[in-house]
Amino acid sequence: MTAPPIAPARLQRYWLMKSEPDECSIDDALAAPHATVPWTGVRNYQARNFMRDEMQVGDGVLFYHSSCSEPGIAGIARIVSRARADPTQFDTASPYCDPRSPSDKPRWLLLDVQAVRKTRLIGLAELRKHPELTGMQVLQKGNRLSITPVDAAHWERILQLSVD
DNA sequence: GCCAACGTTGGC
DNA sequence: GCCAACGTTGGC
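Reading the values: the criteria
Residues numbered from 1 in each chain as written. Chains lettered and ligands numbered in written order. Predicted model: local features only at pLDDT ≥ 70, side-chain atom pairs only at ≥ 80, totals over all residues. Heavy atoms only, no water. Core = buried A, V, L, I, M, F, W, Y, C linked by side-chain atoms within 4.5 Å. Buried < 20%, exposed > 50% of the residue type's maximum accessible area, 1.4 Å probe, protein only. Helix = DSSP H or I, 4+ residues; strand = E, 2+ residues; numbered from the N terminus. Contact = heavy atoms within 4.5 Å. Near = heavy atom within 4 Å. Polar contact = N/O pair within 3.5 Å; in protein donor to acceptor, adjacent residues only side chain to side chain. Nonpolar A, V, L, I, M, F, W, Y, C, P; charged D, E, K, R; others polar. Salt bridge = Lys/Arg side-chain N within 4 Å of Asp/Glu carboxyl O. Arc of directions from axis to C-beta. Pairing = 2+ DSSP bridges.

(A) Spotlight on the nonpolar core. Counting 24 residues, the largest nonpolar core has Met17, Met55 and Ile147 as its most contacted members. Secondary structure elements with two or more residues in this core: strand E1 (14–19), helix H2 (26–31), helix H3 (45–54), strand E3 (60–65), strand E4 (72–79) and strand E7 (112–123). Not counting chain neighbours up to four residues away, the residues in contact with Met17 comprise Trp39, Met55, Val61, Leu62, Phe63, Tyr64, Ile79, Leu111, Val113, Ser146 and Ile147.

Written out as C-alpha coordinates, the structure reads:
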(Lines give C-alpha, C1' and ligand atoms only; values in the text may rest on other atoms or scores of the structure.)
Protein backbone atom coordinates (compact mmCIF):
# COMPACT_ATOMS: atom_id res chain seq x y z
CA MET A 1 0.00 0.00 0.00
CA THR A 2 1.49 3.24 -1.08
CA ALA A 3 1.11 6.37 0.96
CA PRO A 4 -1.41 8.83 -0.39
CA PRO A 5 0.17 11.69 -2.25
CA ILE A 6 0.85 14.60 -0.01
CA ALA A 7 0.80 18.07 -1.46
CA PRO A 8 4.36 19.28 -1.30
CA ALA A 9 4.76 21.95 1.31
CA ARG A 10 5.48 25.29 -0.18
CA LEU A 11 9.06 26.23 0.42
CA GLN A 12 9.50 28.71 3.18
CA ARG A 13 10.55 32.01 1.79
CA TYR A 14 12.44 34.87 3.31
CA TRP A 15 12.02 38.61 3.18
CA LEU A 16 13.69 41.77 4.33
CA MET A 17 11.29 44.37 5.67
CA LYS A 18 12.35 47.92 6.41
CA SER A 19 10.99 49.83 9.35
CA GLU A 20 11.97 53.20 10.63
CA PRO A 21 12.85 52.57 14.28
CA ASP A 22 11.29 55.92 15.18
CA GLU A 23 8.00 54.41 14.05
CA CYS A 24 8.43 50.76 14.92
CA SER A 25 11.73 49.34 16.10
CA ILE A 26 12.43 45.69 16.79
CA ASP A 27 12.01 46.54 20.49
CA ASP A 28 8.62 48.09 19.78
CA ALA A 29 7.56 44.99 17.89
CA LEU A 30 8.77 42.66 20.65
CA ALA A 31 6.83 44.71 23.20
CA ALA A 32 3.58 44.58 21.22
CA PRO A 33 0.85 42.10 22.15
CA HIS A 34 1.99 38.66 20.94
CA ALA A 35 5.06 40.53 19.67
CA THR A 36 2.97 41.13 16.58
CA VAL A 37 2.50 44.35 14.64
CA PRO A 38 0.37 45.18 11.61
CA TRP A 39 2.79 46.29 8.90
CA THR A 40 1.11 49.55 8.03
CA GLY A 41 2.17 52.22 5.62
CA VAL A 42 3.42 50.31 2.58
CA ARG A 43 2.61 52.65 -0.31
CA ASN A 44 4.55 51.08 -3.12
CA TYR A 45 2.93 48.71 -5.59
CA GLN A 46 5.81 46.30 -5.86
CA ALA A 47 6.01 45.87 -2.10
CA ARG A 48 2.24 45.57 -1.90
CA ASN A 49 2.26 42.87 -4.54
CA PHE A 50 4.79 40.87 -2.56
CA MET A 51 2.41 40.95 0.40
CA ARG A 52 -0.62 40.14 -1.73
CA ASP A 53 0.84 37.47 -3.98
CA GLU A 54 3.93 35.95 -2.48
CA MET A 55 4.28 36.32 1.26
CA GLN A 56 2.79 33.55 3.33
CA VAL A 57 2.32 32.67 6.95
CA GLY A 58 5.54 31.19 8.28
CA ASP A 59 7.88 33.07 5.98
CA GLY A 60 11.02 34.43 7.65
CA VAL A 61 11.70 38.13 7.95
CA LEU A 62 14.87 40.11 8.44
CA PHE A 63 13.72 43.12 10.45
CA TYR A 64 15.69 46.07 9.07
CA HIS A 65 16.04 49.50 10.60
CA SER A 66 16.11 52.24 7.96
CA SER A 67 16.35 56.03 7.91
CA CYS A 68 18.16 56.13 11.22
CA SER A 69 21.60 56.56 12.67
CA GLU A 70 22.43 52.86 12.48
CA PRO A 71 20.75 51.31 9.46
CA GLY A 72 20.92 47.55 9.35
CA ILE A 73 19.38 44.26 10.36
CA ALA A 74 18.11 44.47 13.91
CA GLY A 75 16.06 41.35 14.40
CA ILE A 76 14.30 38.26 13.12
CA ALA A 77 10.56 38.03 12.59
CA ARG A 78 7.99 35.95 10.80
CA ILE A 79 4.86 36.47 8.79
CA VAL A 80 1.77 35.49 10.79
CA SER A 81 -1.12 36.54 8.57
CA ARG A 82 -2.15 36.87 4.99
CA ALA A 83 -2.53 40.30 3.46
CA ARG A 84 -5.57 42.43 4.19
CA ALA A 85 -6.58 46.04 3.71
CA ASP A 86 -4.44 48.60 5.53
CA PRO A 87 -6.94 50.72 7.50
CA THR A 88 -4.60 53.72 7.65
CA GLN A 89 -5.29 54.42 3.97
CA PHE A 90 -8.81 55.52 4.95
CA ASP A 91 -7.80 57.43 8.09
CA THR A 92 -7.70 61.10 7.26
CA ALA A 93 -5.69 61.71 10.41
CA SER A 94 -2.98 59.31 9.30
CA PRO A 95 0.08 60.33 7.31
CA TYR A 96 -0.59 57.18 5.31
CA CYS A 97 -4.05 58.30 4.28
CA ASP A 98 -4.68 57.86 0.56
CA PRO A 99 -7.84 59.70 -0.48
CA ARG A 100 -7.67 58.07 -3.90
CA SER A 101 -7.97 54.57 -2.58
CA PRO A 102 -11.55 53.35 -3.19
CA SER A 103 -13.07 52.05 0.04
CA ASP A 104 -14.75 49.18 -1.78
CA LYS A 105 -11.47 48.24 -3.46
CA PRO A 106 -8.66 49.13 -1.08
CA ARG A 107 -5.45 49.93 -2.84
CA TRP A 108 -3.08 49.23 0.05
CA LEU A 109 -2.52 46.11 2.10
CA LEU A 110 -0.74 45.04 5.22
CA LEU A 111 0.01 41.80 6.96
CA ASP A 112 0.93 40.90 10.51
CA VAL A 113 4.57 40.47 11.43
CA GLN A 114 5.62 38.75 14.63
CA ALA A 115 9.01 39.63 16.07
CA VAL A 116 10.95 36.50 17.02
CA ARG A 117 14.09 37.95 18.52
CA LYS A 118 16.35 40.92 18.50
CA THR A 119 19.78 40.44 16.99
CA ARG A 120 22.88 42.46 17.36
CA LEU A 121 22.75 45.30 14.86
CA ILE A 122 24.28 44.10 11.61
CA GLY A 123 24.96 47.37 9.84
CA LEU A 124 25.13 48.06 6.14
CA ALA A 125 28.90 48.44 6.14
CA GLU A 126 29.27 45.04 7.76
CA LEU A 127 26.84 43.42 5.33
CA ARG A 128 28.84 44.84 2.44
CA LYS A 129 32.03 43.31 3.79
CA HIS A 130 30.75 39.82 3.04
CA PRO A 131 31.18 38.95 -0.64
CA GLU A 132 28.58 36.19 -0.36
CA LEU A 133 25.96 38.80 0.51
CA THR A 134 26.63 41.27 -2.29
CA GLY A 135 23.64 40.00 -4.25
CA MET A 136 21.18 41.08 -1.58
CA GLN A 137 18.70 43.59 -2.92
CA VAL A 138 19.03 45.82 0.09
CA LEU A 139 22.70 46.28 -0.77
CA GLN A 140 22.09 47.32 -4.37
CA LYS A 141 22.66 50.88 -5.37
CA GLY A 142 19.53 52.93 -5.41
CA ASN A 143 17.55 50.29 -3.61
CA ARG A 144 14.41 51.80 -2.12
CA LEU A 145 11.96 48.95 -1.90
CA SER A 146 10.74 48.48 1.65
CA ILE A 147 10.10 44.76 1.19
CA THR A 148 12.54 42.59 -0.73
CA PRO A 149 12.88 38.84 -1.14
CA VAL A 150 15.93 37.25 0.49
CA ASP A 151 17.70 34.16 -0.85
CA ALA A 152 17.80 31.18 1.49
CA ALA A 153 21.60 31.24 1.42
CA HIS A 154 21.62 34.89 2.42
CA TRP A 155 19.13 34.21 5.17
CA GLU A 156 21.26 31.39 6.58
CA ARG A 157 24.40 33.46 6.42
CA ILE A 158 22.82 36.37 8.22
CA LEU A 159 21.51 34.09 10.93
CA GLN A 160 25.09 32.92 11.41
CA LEU A 161 26.37 36.48 11.51
CA SER A 162 23.71 37.45 14.01
CA VAL A 163 25.14 35.16 16.67
CA ASP A 164 28.81 35.89 16.02
C1' DG B 1 20.75 68.91 5.10
C1' DC B 2 22.48 66.96 0.74
C1' DC B 3 21.63 64.48 -3.13
C1' DA B 4 21.39 60.21 -6.08
C1' DA B 5 18.10 57.10 -7.38
C1' DC B 6 13.76 55.80 -8.19
C1' DG B 7 8.47 55.89 -8.48
C1' DT B 8 4.42 58.45 -9.76
C1' DT B 9 1.80 61.87 -12.10
C1' DG B 10 -0.18 64.07 -15.79
C1' DG B 11 0.03 66.76 -20.14
C1' DC B 12 0.46 65.79 -24.75
C1' DG C 1 2.86 55.56 -24.72
C1' DC C 2 6.33 59.15 -23.96
C1' DC C 3 8.68 61.84 -20.83
C1' DA C 4 9.44 66.01 -17.95
C1' DA C 5 8.36 67.47 -13.52
C1' DC C 6 7.82 66.40 -9.09
C1' DG C 7 7.83 63.78 -4.69
C1' DT C 8 9.96 60.27 -1.79
C1' DT C 9 13.46 57.27 0.04
C1' DG C 10 17.35 56.63 2.61
C1' DG C 11 22.42 56.55 3.23
C1' DC C 12 25.75 59.66 4.34
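(B) Just the protein's contact with DNA strand B, in detail. Close to DNA strand B lie Asn44, Tyr45, Arg100, Lys141, Gly142 and Arg144, which account for all nearby residues. Sugar plus phosphate: this is where 72% of the atoms of DNA strand B within 4 Å of the protein reside. In the environment of DNA strand B, a phosphate oxygen lies 2.2 Å from a nitrogen or oxygen atom belonging to the side chain of Arg100. A distance of 2.6 Å separates a phosphate oxygen of DNA strand B from a polar side-chain atom of Lys141. Here the residues of the surface near DNA strand B sort into 1 nonpolar, 2 polar and 3 charged.

(C) Focus on the pattern of salt bridges. Evaluated as defined, the whole model comprises 9 salt bridges. Close ionic contact of Arg43 with Asp86 constitutes a salt bridge, the shortest N to O distance being 3.1 Å. Here Asp86 lies in the loop between strand E5 (84–85) and strand E6 (109–110) and Arg43 lies in the loop between strand E2 (36–38) and H3, a separation of 43 residues in the sequence. When its relative accessible area of 26% is taken as the criterion, Arg43 is described as partly exposed. In this structure, the salt-bridge partner of Arg52 is Asp53, at a minimum N-O distance of 2.8 Å.

(D) Examining H3 more closely. Ala47, Arg48, Phe50 and Met51 are the residues of H3 that are buried. For H3, the angular spread of the buried residues around the axis is 155°, confining them to a single face. Buried residues belonging to H3 abut E1, E6 and strand E8 (147–150). The N-cap residue of H3 is Asn44: its side-chain oxygen and the backbone nitrogen of Gln46 are 2.9 Å apart.

(E) Seen up close, the pairing of E3. When you tally the buried positions in E3, you get 6 out of 6 residues, the bulk of the element. Side-chain alternation along E3 places Gly60, Leu62 and Tyr64 on one buried face and Val61, Phe63 and His65 on a second face that is also buried. Relative to E4, E3 is paired through 6 bridges, and the arrangement is antiparallel. Note that in E4 the partner of Phe63 across the bridge is Gly75. As consecutive antiparallel partners, E3 and E4 are separated by 6 residues, and within that stretch Ser67 has a phi angle of approximately 50°, a positive value.

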